[in-house]
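Secondary and tertiary structure notes
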Amino acid sequence: MAFMEKPPAGKVLLDDTVPLTAAIEASQSLQSHTIVRRYSDFDLLNNSLQIAGLSLPLPPKKLIGNMDREFIAERQKGLQNYLNVITTNHILSNCELVKKFLDPNNYSANYTEIALQQVSMFFRSEPKWEVVEPLKDIGWRIRKKYFLMKIKNQPKERLVLNWADLGPDKYLSDKDFQCLIKLLPSCLHPYIYRVTFATANESSALLIRMFNEKGTLKDLIYKAKPKDPFLKKYCNPKKIQGLELQQIKTYGRQILEVLKFLHDKGFPYGHLHASNVMLDGDTCRLLDLENSLLGLPSFYRSYFSQFRKINTLESVDVHCFGHLLYEMTYGRPPDSVPVDSFPPAPSMAVVAVLESTLSCEACKNGMPTVSRLLQMPLFSDVLLTTSEKPQFKIPTKLKEALRIAKECIEKRLIEEQKQIHQHRRLTRAQSHHGSEEERKKRKILARKKSKRSALESSEEHSAKYNNSNNSGSGVSSWSRGLEFCWDICITSTSSTSTTTSSSLASCEHRGTCPALAPGCEWCEPRGLAQLHPEFPKRNFEESRNL
């Protein structure tokens, strides 16, 4: 597709941050799988992921006896465990290799080839730029590609071109979108990495910045080389070590200042993480302001979409700052969010900020504002020395467009959080309903209900039979006495004479009375007079003669 060509009608804009889960349904019938994969496909995926430096639990090969039922069942468990490890790793689950393996229908395109076509079309109209080499897989986004550039009349300078496709949160009109992208080079701020050139069409955007040999803040934390692939740099660092306290304080204050600047301008961001912070000496500068305009999902979306109180882009930025601060402090991301307890930190002031952004209470009750974080002891005493005056003029019409787009982004987030909450409640209910204790309770209740129904039906049947066959007053009295005795005997286990059954056996009621519960017997006739003093003995003798 040409660079200035409109996207095809009906194109689906996917959210690449949506986590995928995989479950092996059957071990022998491949047709019952959601996706058809052989063991060799798993082996190929595993070899491709070796660049991450992780030890993944892929079951070993077996040449002889690999069709035995026991072996197949055991391998199924092993492959399920392998998929669970991959899909629960935040970096691996978002990489292109895993997405194509689990969802080939939506991730079958060659995005590097598409990016090259777009960039080639751009260079036809801008001949002063020249591609030096593609920077393959240095970022985590599937639909964002990077190229090392140079200017023909300045061959020693190196620049980075990044091309990005549209995302599911693109709500700006094409005209407003292109105007805002072209406005980014005019944004001047001491803590924003400047854009050298920017352009866009209806389906993508292209931006050029200066190449920084030192790399990003994440490269500093992980001691990585900027040009290496993302999986190699960050999946399994050789040495885990956080930054010094003064670095944490300075970098944190600088990042909070630029976030406050963007919030005051009404410019949505929502993409803060260590790879989007460029290091320029001792200064942090924010990257990728265009992501929110393109509608791209955040790196941490799968985290904050679990918490319904984090439902604005301002609160998203604060929550993402908590992730960044944790990484600067401990040299690695948190194992899970919310964080129940924090390891020892260089200062308790650091833990206080982390608790306000990543703890269970914070995720449940909501995030503090950026202004509140700036007033906390960790950052309040940091002095920033800069002479550059911030400048970013946005026309009133575009400010209104940004406000509407921001509301739409937040609305989609709220809807997604609502669906996740409902699914979680349903999952908990199903898990509770299927527990062993609940199954036992249901069995006991079912037995009680069955007994109760049998008793009620037998009483009703007995009453109907008595009413249809008794015509005299004496017989009616016997009928009421029999019913009373039935009720009492069912709820009582007192001993009675064995001669009762023979006297009752001569009555027509014998064939209509169901079997008594264990431990219950018929009462002899004299017991009826004792239980019911008004029961007439003469009526009993008359009914006995009948």
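Quick summary incoming for the structure in this document. (Residues numbered from 1 in each chain as written. Predicted model: local features only at pLDDT ≥ 70, side-chain atom pairs only at ≥ 80, totals over all residues. Heavy atoms only, no water.)

1. As for helix α13 (residues 348-358)
- Val 350, Val 351, Val 353, Leu 354, Ser 356, Thr 357 and Leu 358 are the residues of α13 that are buried.
- Next to the buried residues of α13 lie α9 (245-265), α12 (313-330), α14 (360-365), α15 (370-374) and α16 (377-380).
- With a side-chain oxygen positioned 3.1 Å from the backbone nitrogen of Ala 349, the residue opening α13 is Ser 347. (Buried < 20%, exposed > 50% of the residue type's maximum accessible area, 1.4 Å probe, protein only. Helix = DSSP H or I, 4+ residues; strand = E, 2+ residues; numbered from the N terminus. Contact = heavy atoms within 4.5 Å. Polar contact = N/O pair within 3.5 Å; in protein donor to acceptor, adjacent residues only side chain to side chain.)

2. Quick notes on the nonpolar core
- Leu 49 and Leu 272 are the most contacted members of the largest nonpolar core, which totals 103 residues.
- With 9 residues, the top contributor of residues to this core is α12.
- Lining this core are residues from two domains, each supplying at least three of them: domain 1 (20-102) and domain 2 (111-423).
- Those residues in contact with Leu 49 that sit more than four places away from it in its chain are Leu 56, Tyr 82, Ile 86, Leu 92, Cys 95, Leu 97, Val 98 and Leu 231. (Core = buried A, V, L, I, M, F, W, Y, C linked by side-chain atoms within 4.5 Å. Domains from an automatic or database assignment.)

3. Points about the sheet that holds strand β5 (residues 204-210)
- What the 5 strands build is an open sheet, ordered β1-β2-β3-β5-β4; its pairing is antiparallel. Because the sheet does not close on itself, it has two edges, and the strands there are β1 (129-135) and β4 (197-200). Along the sheet, successive strands turn relative to each other by an average axial angle of 25°, direction set aside.
- Contacts from helix α5 (residues 111-125) reach β1, β2 (144-151), β3 (154-165), β4 and β5, with the element oriented near 125° to β3.
- Sitting on the sheet, helix α6 (residues 174-183) touches β4 and β5, and the angle it makes with β4 is about 170°. (Pairing = 2+ DSSP bridges. Axes fitted to C-alpha atoms, helices over the stretch in contact; angles between N-to-C directions.)

4. Here we look at a positive patch on the surface
- The grouping of Arg 308, Lys 418, Arg 424, Arg 425 and Arg 428 at the surface amounts to a positive patch.
- Looking at the element boundaries, Lys 418 is found in helix α17 (residues 396-433).
- With a relative accessible area of 40%, Lys 418 lands in the partly exposed category. (Patch = residues over 30% accessible without salt bridge, like charges linked within 9 Å, V, L, I, M, F, W, Y side chains within 5 Å. Areas by Shrake-Rupley, 256 points an atom, 1.4 Å probe, with all protein chains shown as cover. Salt bridge = Lys/Arg side-chain N within 4 Å of Asp/Glu carboxyl O. Lys, Arg positive; Asp, Glu negative; His and termini not counted. Charge placed at Lys NZ, Arg CZ, Asp CG, Glu CD.)

5. Some remarks on helix α1 (residues 39-48)
- If you check which residues of α1 are buried, you get Tyr 39, Phe 42, Asp 43, Leu 45 and Asn 46. Across the axial projection of α1, the buried residues extend over an arc of 165°, all falling on one side.
- For α1, the elements touching its buried residues are α2 (69-87) and α4 (96-102). (Arc of directions from axis to C-beta.)

6. Topic: the packing of aromatic side chains
- Scanning all chains against the criterion turns up 14 aromatic pairs.
- Arranged with centres 5.4 Å apart and planes meeting at 40°, the rings of Phe 122 and Phe 197 form a pair that is tilted. Of this pair, Phe 122 sits in helix α5 while Phe 197 is found in strand β4, placing the two residues 75 residues apart along the sequence.
- For Phe 122, a relative accessible area of 3% gives the class buried. (Phe/Tyr/Trp six-rings, centres within 6.5 Å; stacked < 30°, edge-to-face > 60°.)

7. Remarks on unusual backbone geometry
- Geometrically, the link from Val 337 to Pro 338 is a cis peptide bond, its omega value of 5° lying close to zero.
- A positive phi angle, near 60°, is found at Asp 137, a position not held by glycine.
- Within the fold, Asp 137 resides in the loop between β1 and β2.
- What makes Asp 137 partly exposed here is its relative accessible area of 38%.
- Positive phi outside glycine occurs at Lys 223, with the angle close to 55°.
- Relative accessible area serves as the criterion here: at 56%, Lys 223 is assigned to the exposed category.

8. Considerations on the environment of Trp 140
- Mapped onto the elements, Trp 140 comes out in the loop between β1 and β2.
- Separated by 91 residues in the primary sequence, Trp 140 and Leu 231 place their C-alpha atoms 8.2 Å from one another.
- Sequence-distant contacts of Trp 140, defined by excluding residues within four places in its chain, comprise Thr 17, Asn 94, Phe 230, His 273, Pro 297, Ser 298 and Phe 299.

9. Description of the pattern of salt bridges
- Taken as a whole, this structure holds 23 salt bridges when the rule is applied.
- The residue Asp 264 makes a salt bridge to Lys 260 at a minimum N-O spacing of 3.2 Å. Remark: Lys 260 and Asp 264 occur in helix α9; sequence separation between them is 4 residues, near one turn of the helix.
- According to the relative accessible area criterion, Asp 264 is exposed, its value standing at 57%.
- Look at Lys 260 and you get partly exposed, because its relative accessible area is 28%.
- Residues joined by salt bridges that share partners form a network here, namely Lys 144, Arg 209, Asp 288 and Glu 290.

10. Topic: the pairing of β5
- Among the 7 residues in β5, 6 count as buried, and that is most of the element.
- Note: β3 against β5, 7 bridges, orientation antiparallel. The partner of Ala 164 across the bridge, within β5, is Ala 205.
- As defined by bridge partners, β4 adjoins β5 across 4 bridges and the pair is classed as antiparallel. By the bridge assignment, Phe 197 is partnered in β5 with Ile 208.

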